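Coordinates in review
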Amino acid sequence: PVMVVHDYQPYRQPMEAENTGDGISINVPPDFFAGFNLSDAQGPSQDQYVLRNVVIRKPGRVAEGASQVLSHVLEVVLLHENMMGSQGDWSSVVVPFSVEVGAPPDMISALLAGSRLPDRYGEREPLLLGTAQALDLSVAFTNATFLTYWTSLPTRCAGTQRFVRQFMRNASLKTSPPAFDAVLQALAKNPSVPPILSPDLAWITGSCPAHGGADCAPLPAVDMSQELLQAQTLQRQAVEDIRAARNTMDAALIALQNVSDESYQNAVKARENLEGASAMLDSTTQHVDQLEAWTLQAQSATWPAEAPTTVGAAPVAAAAPAPAAAGNSTSGAAVLSTARVHQQRAAGGAAQGDCLALGRSPVAISSTEVTQAQATWKASRTPISFGQGAAPAIAAVKPLQLFNTGEYLRVVVPLGAGSLLGTITRGGVPLEVTFADIHVPGEHTIDGMSSAAEVQLVHLPKGAGPAVAVALRLQEGGEGSAYDNPWVASLLAALPPAHSEAPVQALADGVRGLHAAVARGEAERYFRYDGTLTRSPCRTSEWFVLEEPGSISSRQLALLRAALPGAAPQSGRPSGPFRHVSFIAEGVQDLPAATTATPAGGPTRGAGRLS
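Analysis parameters
Residues numbered from 1 in each chain as written. Predicted model: local features only at pLDDT ≥ 70, side-chain atom pairs only at ≥ 80, totals over all residues. Heavy atoms only, no water. Helix = DSSP H or I, 4+ residues; strand = E, 2+ residues; numbered from the N terminus. Buried < 20%, exposed > 50% of the residue type's maximum accessible area, 1.4 Å probe, protein only. Contact = heavy atoms within 4.5 Å. Areas by Shrake-Rupley, 256 points an atom, 1.4 Å probe, with all protein chains shown as cover. Phe/Tyr/Trp six-rings, centres within 6.5 Å; stacked < 30°, edge-to-face > 60°. Pairing = 2+ DSSP bridges. Salt bridge = Lys/Arg side-chain N within 4 Å of Asp/Glu carboxyl O. pLDDT = per-residue confidence, 0-100. Arc of directions from axis to C-beta. Core = buried A, V, L, I, M, F, W, Y, C linked by side-chain atoms within 4.5 Å.

What follows concerns the overall build of the protein chain. The secondary structure content of the protein chain amounts to 11 helices and 31 strands. A burial count over the protein chain gives 52% of its 611 residues as buried. Look at the contacts in the protein chain between residues 6 or more apart in sequence, and 74% of them connect residues 24 or more apart. Counting every atom, the protein chain has about 26,500 Å² of accessible surface; 55% of that belongs to carbon and sulfur.

This is how it looks when you write it as structure tokens:
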């Protein structure tokens, strides 16, 4: 348990404010003593954060369709300098505000008393001219908890950023409508900015006044083991339910050959049962994934292990969140910690079987039975685009994590490392690749032909919604090193043994060398269908299977086969069963909603139904 031990004395003297174009910046006078330190079971740390600047700004603007975890209309940022410690130079405490009629006096109304805010860029005005109310910043910390993590923020020096310890208050303070209107008017010409997203690993810290008190008990740790066991039980039951529903659906499809009203109604009912079972499995799987991620974090994380190894200046590329990242400045949701694959293997789990039991992925694609979207629902071809990944400087700070399950390799982007595996642009929005799976041989087939290997790039959204997966099929090339796949070569240099309990770190300079389409930045020819991921987590997924194959050398294939003793045999067929899928189209990103609404009989030419 870590506590923010704060000491903010009331202040009554005038302070100068400047409109900096991105907020109202208020420099703290030398006679205003305010700040905090951090304290844990061993006592206070040597870090002494002293308040240097107060900024009033608009909250980060979230993407359309997204919502804030903590709704608020203004933010007050308390920027502190670390005067004594060695862990970092600066700390930022973000205090959200919402509007409430009849709100009691607050820090914003105190600053505005007898004053006006500067509303033009570069303009300066004195604040805190009223004598009736002092500026009391301690209310931001009283009985408060904070989401705490490391991030990097821009400085006033163009093109430079610094690592900062960020504290996000977990509840909004209230301000009055007149105070809000005054701030909004002053910030009217200031542009909206993207939100600051919390990483997947963050800490909840409590607060305590420096002079102690009854409210200074450390926050207790939360034991989620029982909740996790209950969720896993529900997930196993959901798997059994979907297997039964799938069998019923198969029988109903066969019975449709009789073409009777009864057989049609039975098929409709079977389809509805299957959809309900699939939705239940998706829900329980997401819940289990989240609980497992939090449990693994609680077991393995050590304060402050996630701190940057070198404080101060940060690489500029590390700080800009991907435009696709939906969320806000108070988002603390954890995505899947894919290290749990190893936990399942060690415990004798069967993550692979759980996914294959759904019977939706992988699939055997027949180009003669794929629906031509242009003729069927007037859709136009839309290329799928790829981003190249983070700069080498970022990869060196937070290298990839490479797992070997014995059946396949999983390459995971570490917490807070951004786009080390590049991005997939879906619907015009770049999505960071969360992990990549490497299968030998490939899992998807096209016209009966499998590939020597297959790399699956997967984006897992932090909230609800399907995953996005791109299958890159690799064909076997020649024997010499000239035929090596550069991206695979970087992983083979750090290949862990099969069933190893811990990942190894792997350095890979983006994903440009993985496939020609990734190097070009787009692919126009691909097959699109809705299924599930083929390995844990068994999440509903939008699949894009590229027609254009990549290349891998015979030498690299031999090394992968030797490292994956549990991989599917080299029989020319992928490792999973190939059940019916509702619809496969070519070259379009969006499938029409109606394609999954009506059950059909056996495979029909042009209908996209496959055996």
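What follows picks up the thread again.
Below, the discussion takes up the packing of aromatic side chains. All chains considered together, the criterion is met by nine aromatic pairs. Taken together, a centroid distance of 4.6 Å and an interplanar angle of 15° make the contact between Tyr8 and Phe141 stacked. Taken together, the residues span a long stretch of sequence, with Tyr8 in strand 1 (residues 3–8) and Phe141 in the loop between strand 9 (124–127) and strand 10 (146–154) at a distance of 133 residues. Accessibility assignment for this pair places Tyr8 and Phe141 in one class, buried. Taking 5.5 Å as the distance between ring centres and 55° as the angle between the ring planes, the aromatic pair formed by Tyr526 and Phe544 counts as tilted. Within this pair, whereas Tyr526 is found in strand 28 (residues 526–532), its partner Phe544 is found in strand 29 (residues 540–546), the two being separated by 18 residues in sequence. Overall, Tyr526 belongs to the buried group, its relative accessible area being 0%. Counting every residue linked through ring pairs, the aromatic cluster contains Tyr8, Phe36, Tyr49, Phe141, Phe146 and Phe167.

Turning to the sheet that holds strand 23 (residues 449–450), a few remarks are in order. Hydrogen bonds between backbone groups are what pair the strands of a sheet, and the pairing can be parallel or antiparallel. Ordered in space as 15-22-23, the three strands form an open sheet in which the pairing is mixed. Every interior strand has two partners, whereas the edge strands, strand 15 (364–365) and strand 23, have only one. Of the pairings in the sheet, the one linking strand 22 (residues 445–446) to strand 23 comprises two bridges and is antiparallel in character. The partner of Ile446 across the bridge, within strand 23, is Met449.

A separate point is the pattern of salt bridges. Throughout the structure, instances matching the rule amount to 22 salt bridges. For Arg116, the salt bridge goes to Glu123, with nearest N and O atoms at 3.0 Å. For Arg116, a relative accessible area of 36% gives the class partly exposed. Residue classification places Glu123 among the buried residues on the basis of a relative accessible area of 13%. Salt bridges sharing common partners tie together Arg116, Asp119, Arg120, Glu123 and Glu125.

Glancing now at the sheet that holds strand 27 (residues 522–523). Strands sit in the order 20-19-16-27 across an open sheet of four strands; the sheet is antiparallel. Two strands lie at the open edges of the sheet, namely strand 20 (429–432) and strand 27, each paired on one side alone. Strand direction decides the pairing type here: strand 19 (residues 423–426) and strand 20, joined by four bridges, are antiparallel. The partner of Thr425 across the bridge, within strand 20, is Pro430.

On strand 19, burial covers both faces: Thr423 and Thr425 on one face and Ile424 and Arg426 on the other are all buried. Where strand 16 (residues 384–387) and strand 19 come together, three bridges link them in antiparallel fashion. Paired with Phe386 across the bridge in strand 19 is Ile424. Hairpin remark: strand 19 followed by strand 20, antiparallel, with two residues in the connecting loop; positive phi at Gly427, about 65°.

Cis peptide bonds are those with omega within 30 degrees of zero, and the linkage from Val440 to Pro441 qualifies with -5°. Its place among the elements puts Pro441 in the loop between strand 21 (435–439) and strand 22. For Leu128, which is not glycine, the phi dihedral falls at a positive 60°. Counting through the fold element by element, Leu128 comes out in the loop between strand 9 and strand 10. Phi at Asp447 takes a positive value of approximately 55°, unusual for a residue other than glycine. Along the polypeptide, Asp447 turns up in the loop between strand 22 and strand 23.

Looking now at the pairing of strand 4 (residues 34–40). Buried residues dominate strand 4, accounting for six of its seven residues. The pairing of strand 1 with strand 4 spans six bridges and is classified as antiparallel. Note that in strand 4 the partner of Val5 across the bridge is Asn37. As paired strands, strand 4 and strand 6 (residues 49–57) are joined by two bridges and run antiparallel to one another. Considered in strand 6, the bridge of Phe36 is made with Tyr49.

Moving on, we come to the confidence of the model for the protein chain. Confidence along the protein chain averages 78 in pLDDT terms, with 77% of residues attaining 70 or more. Across residues 315–354 the pLDDT falls below 50, and counting only partners more than four positions away or on other chains, this stretch makes 105 contacts in the model. Overall, residues 570–575 carries pLDDT values under 50, and its contacts beyond four positions in sequence, including any with other chains, amount to 17 contacts.

Ala179, Phe180, Val183 and Ala186 are the residues of helix 2 (residues 177–186) that are buried. Projection of helix 2 onto a plane perpendicular to its axis shows the buried side chains occupying an angular sector of 130°, all on one side. Seen from the open side of helix 2, the exposed residues pointing more than 90 degrees away from its buried face are Pro178 and Gln185.

Our focus in this paragraph is the nonpolar core. Core analysis: the biggest nonpolar cluster contains 44 residues, and Ile26, Phe32, Leu51, Met107 and Ile108 have the highest contact counts within it. When residues in this core are grouped by element, the largest group, five residues, is from helix 1 (residues 107–112). Not counting chain neighbours up to four residues away, the residues in contact with Ile26 comprise Met15, Glu16, Ala17, Arg52, Asn53, Val54, Ile56, Leu111 and Leu127. Listed in part, the 42 residues of the second largest apolar core include Leu421, Ala436, Ala494 and Ala517.

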